[in-house]
Amino acid sequence: MATAIYVPRINNNDDEVKVLAFDVAIGSKVENGQIVGQVETDKAVLDVTAAAAGFVLGFVANPDEVVKVGSVMLWLGENVDEAIPEPQETSLLRSTAKNSEITAKARLLLAQNGLQAELVTPIDGRITVEAVERYLAAQGGAKAEATKATESRATDVLPDVAGNQVSLSREEKGMAATVTWHRDFAVAGYIEIEYELGPWVEYAKQFQDKNGLLMPPLLPLMAWRLIQIAQEKTHLNATIVGNKRYEYSPVNLGFTIQAGEALYLAVVRNAQTQDELGFVNALGDVLRRAAGHNLKESEASGATIGFSSMERWKVTRHIPILSPHTSLMIAHAAGQGGKGVLGASYDHRVLNGGQVVAMLKKLAVPNKN
Amino acid sequence: MSLNKEAIEAAIKARIVEIAAETGDDASELGVDEIIPATGLIDSTGLLELIAWYEKTYQIPLAQEEINIDNLGTLARMADFVLRKKGLI
């Protein structure tokens, strides 16, 4: 008999969570207590474990999908061929669909799309994946295509070459979730400009001397300038949800930091409420905790705009991935011969090239007022 | 772990040499009174790594306002700061 694994509750305030990833594939054997995937809210990531041993029959939820706590996340069976039970809400309709055989994959596809079997016209008396996809295509091709794409990822098979599967660390899972959002949602563009290093270097040196800072404040000061610009041009601190631009109220500045093997996006929330020195200190504080792998949850999530630098590696150009639900990530790189390069990855659904260039030109010069 | 000034300076220098090596720099000649950020041997990310290591190694959680040139600018100052925090000087 098939066993459901349900979406767990992370905290009392969230009735919905996002499915981050699955660690198992359809058909794989799962032991009792084995981690099968992760869910997250904006506050925490939680491993989901199997309450029983079995074989993975299929996933009801998909990676990146927001689902209700307590809903079915995936099904386990005593053997790989066991059928996936129909959703409870369709049980009353079984009699009308009983004359049509429904294949296991079709059941899965129906469940993934929240469909009732009676809606689908059988093919040769059977409700197959093809029959369901025909129905979906008739309702809207994009949805069918999206389902196919998700299904193909969910059923990714092991390469036919010897190797070991290694579980991802929490940081690696976070990175995978970020690039998956970038791939699935953002329409990313990249633009860069050259600028004079001198004014910024001089400004940062004066600021450091005046305040007796140990850390060179150049990058935090540039990030502060970005925050100022984002307050003037609110579309820079925004994302797209549905067909509307969602302009954030706070400016939560995410700043990438490589700490050993881990890559973090350390976040200063409500950065617009700080003065210049306050922000430099606040950013130094979260970056120091990131370097020590001690970030709080609220400091590792919720970025609304981003800043990344690969100057330390003498990289002269890099094209950053956008953090989920952001439309702009600054790409700071190493300068040469008194000239620096400032780039930006941007979500072209939110911003156009002209807006990004105008922002970069402002960012290229310190605001000394 | 020895908590005398020379031993602390040596341990911090060894960590700086490791961090500098990550970006291909050699900090083996760093002097105890050289202003560390001014040498260019380790960048801001390297300094963050150093401070995170320093806090953990010597068990002295730092307030942001304590992270300044006067307290932590040189090997000698970093060693003195440990000893002051521990009440040993």
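It should be emphasised that the depicted structure is a prediction, and the values quoted were computed from it without experimental measurement. Per chain, the residues get numbers from 1 upward, laid out in the order the sequence is written. Ligands are numbered from 1 and chains lettered from A, in the order in which they are written. Owing to the predicted nature of the model, reporting of local features is limited to residues with pLDDT of at least 70; listing and counting of side-chain atom pairs is limited to 80 or more, with chain, interface and lining totals taken over all residues.

1. Some remarks on the overall build of chain A
Let me state the cut-off plainly: Helix numbers and strand numbers start at the N terminus; a helix is a DSSP run of H or I with at least 4 residues, a strand a run of E with at least 2. Every C-beta atom is placed from the backbone, and the number of other C-beta atoms within 10 Å of a residue's own sets its class: buried at 20 or more, exposed at 12 or fewer, partly exposed in between. Working definition of a contact: two residues with C-beta atoms, positioned from the backbone, lying within 7 Å.
Assigned secondary structure in chain A consists of 9 helices and 18 strands. Taken across its 369 residues, chain A has 36% of its residues classed as buried. Taking the contacts inside chain A whose residues are at least 6 apart along the sequence as the reference set, 58% of them involve residues at least 24 apart.

2. Some remarks on the overall build of chain B
For chain B, the helix and strand inventory stands at 5 helices and 0 strands. In chain B, buried positions account for 38% of the 89 residues. Long-range contacts, defined here as pairs at least 24 residues apart, represent 57% of the contacts in chain B between residues at least 6 apart.

3. Concerning the sheet that holds strand S11 (residues 188-196) of chain A
Residues and elements named next belong to chain A. For clarity, the threshold we go by: Being paired, for any two strands, means DSSP has found at least two bridges between them. A fitted line through C-alpha atoms serves as each axis, taken over the contacting stretch for helices, and the angle formed by two N-to-C directions is quoted from 0 to 180°.
Pairing is mixed in the open sheet, where 6 strands are placed in the order S11-S18-S17-S16-S14-S15. One side of each edge strand has no neighbouring strand; the edge strands of this open sheet are S11 and strand S15 (262-268). Here the average twist between neighbouring strands, direction ignored, is 25°. In this sheet, strand S18 (residues 339-347) lies alongside strand S17 (residues 328-332) in antiparallel orientation, the contact comprising 5 bridges. Residue pairing for S18: Ala331 is matched across the bridge by Gly343. Where helix H8 (residues 276-291) meets the sheet, it contacts strand S14 (253-259) and S15, and its direction lies at approximately 150° from that of S15.

4. Some points on the interface of chain A and chain B
Interface size is commonly expressed as the accessible surface area that is lost when the partners come together. Inclusion rule: Residues are grouped as follows: Ala, Val, Leu, Ile, Met, Phe, Trp, Tyr, Cys and Pro are nonpolar; Asp, Glu, Lys and Arg are charged; every other residue, Gly included, is polar.
Counting residues at the interface gives 17 residues for chain A and 19 residues for chain B. Put simply, the parts of the chain that give the side of chain A that touches chain B at least two residues each are S14 and H8 of chain A. Of all the elements, H8 of chain A adds the most residues to the side of chain A that touches chain B, at 6 residues. Taken together, the residues of the side of chain A that touches chain B sort by class into 9 nonpolar, 5 polar and 3 charged.

5. Topic: the pairing of strand S6 (residues 54-59) of chain A
Residues and elements named next belong to chain A. Across the 6 residues of S6, 5 count as buried, placing the element largely inside the fold. Note that strand S3 (residues 29-30) and S6 share 2 bridges and pair antiparallel. When the bridges of S6 are listed, Val30 appears paired with Gly54. When S6 meets strand S8 (residues 72-77), the two strands line up antiparallel, connected through 4 bridges.

6. Points about the pairing of S8 of chain A
One ladder, built from 4 bridges, connects strand S1 (residues 3-6) of chain A with S8 of chain A; its direction is antiparallel. Bridging from a neighbouring strand, Ala4 of chain A pairs with Trp75 of chain A of S8 of chain A.

7. Topic: the packing of helix H6 (residues 197-211) of chain A against helix H7 (residues 218-232) of chain A
Residues and elements named next belong to chain A. To be explicit about the condition: Angle categories are assigned with fixed cut-offs, so that under 35 degrees is roughly parallel, over 145 is roughly antiparallel, 65 to 115 is roughly perpendicular, and the rest are oblique.
Two elements in contact, H6 and H7, have axes separated by 9 Å at closest approach and are oriented at 110°. In terms of axis orientation, H6 runs roughly perpendicular to H7. Residue-level inspection shows Trp200, Val201, Tyr203, Ala204 and Phe207 of H6 in contact with H7, the latter providing Leu218, Leu221 and Met222. Taken together, the residues of the contact of H6 with H7 break down into 8 nonpolar, no polar and no charged.

8. As for H8 of chain A
Spelled out, the test is: Expected helix span is given by 1.5 Å per residue-to-residue step, counting one fewer step than there are residues.
The end-to-end C-alpha distance of H8 of chain A, which contains 16 residues, comes to 22 Å, matching closely the 22 Å that a straight helix rising 1.5 Å per residue would cover. Burial analysis of H8 of chain A places 12 of its 16 residues in the buried class, the great majority of the element. Regarding H8 of chain A, the residues found buried are Phe279, Val280, Asn281, Ala282, Leu283, Gly284, Val286, Leu287, Arg288, Arg289, Ala290 and Ala291 of chain A. Buried positions along H8 of chain A lie against H7, S14 and S15 of chain A together with helix H3 (44-58) of chain B. Immediately downstream of H8 of chain A, the backbone of His293 of chain A shows phi near 55°, a positive value.

9. Things to note about the sheet that holds S8 of chain A
On the basis of which strands lie adjacent, the open sheet formed by 4 strands has the order S1-S8-S6-S3 (chain A) and antiparallel pairing. Only two strands of the sheet have a single partner each, and these edge strands are S1 and S3 of chain A.

10. A few points about helix H5 (residues 75-85) of chain B
Residue and element names in this part refer to chain B. All of the buried residues along H5 are Leu75, Arg77, Met78, Ala79, Phe81 and Val82. Packing partners of the buried residues in H5 comprise helix H1 (5-22), H3 and helix H4 (69-72). Once H5 ends, the next one or two residues include Gly87, with phi positive near 70°.

11. What about the nonpolar core?
Proteins that are soluble and globular tend to have nonpolar side chains buried together. Residues and elements named next belong to chain A. Here is the rule: Definition of nonpolar core: a set of buried Ala, Val, Leu, Ile, Met, Phe, Trp, Tyr and Cys residues joined via C-beta atoms within 7 Å.
Of all hydrophobic cores here, the largest spans 82 residues; its most connected members are Ala223, Leu226, Leu253 and Ala266. By residue number, the principal contributor to this core is H7, which donates 10 residues. With residues up to four places along the chain from it excluded, the contact list for Leu253 reads Ala223, Ile227, Val267, Val268, Ala271, Ile305 and Phe307. Counting residues in each nonpolar core, the second largest holds 35 residues, with Ile5, Val17, Val19 and Ala106 among its members.

12. A look at the confidence of the model for chain B
Filter applied, for reference: Each residue carries a pLDDT value, the predictor's own confidence for that position, ranging from 0 to 100.
Looking at chain B as a whole, the pLDDT averages 93, with 100% of positions reaching at least 70. Two summary scores accompany this predicted model of the complex, namely pTM at 0.66 and ipTM at 0.85.

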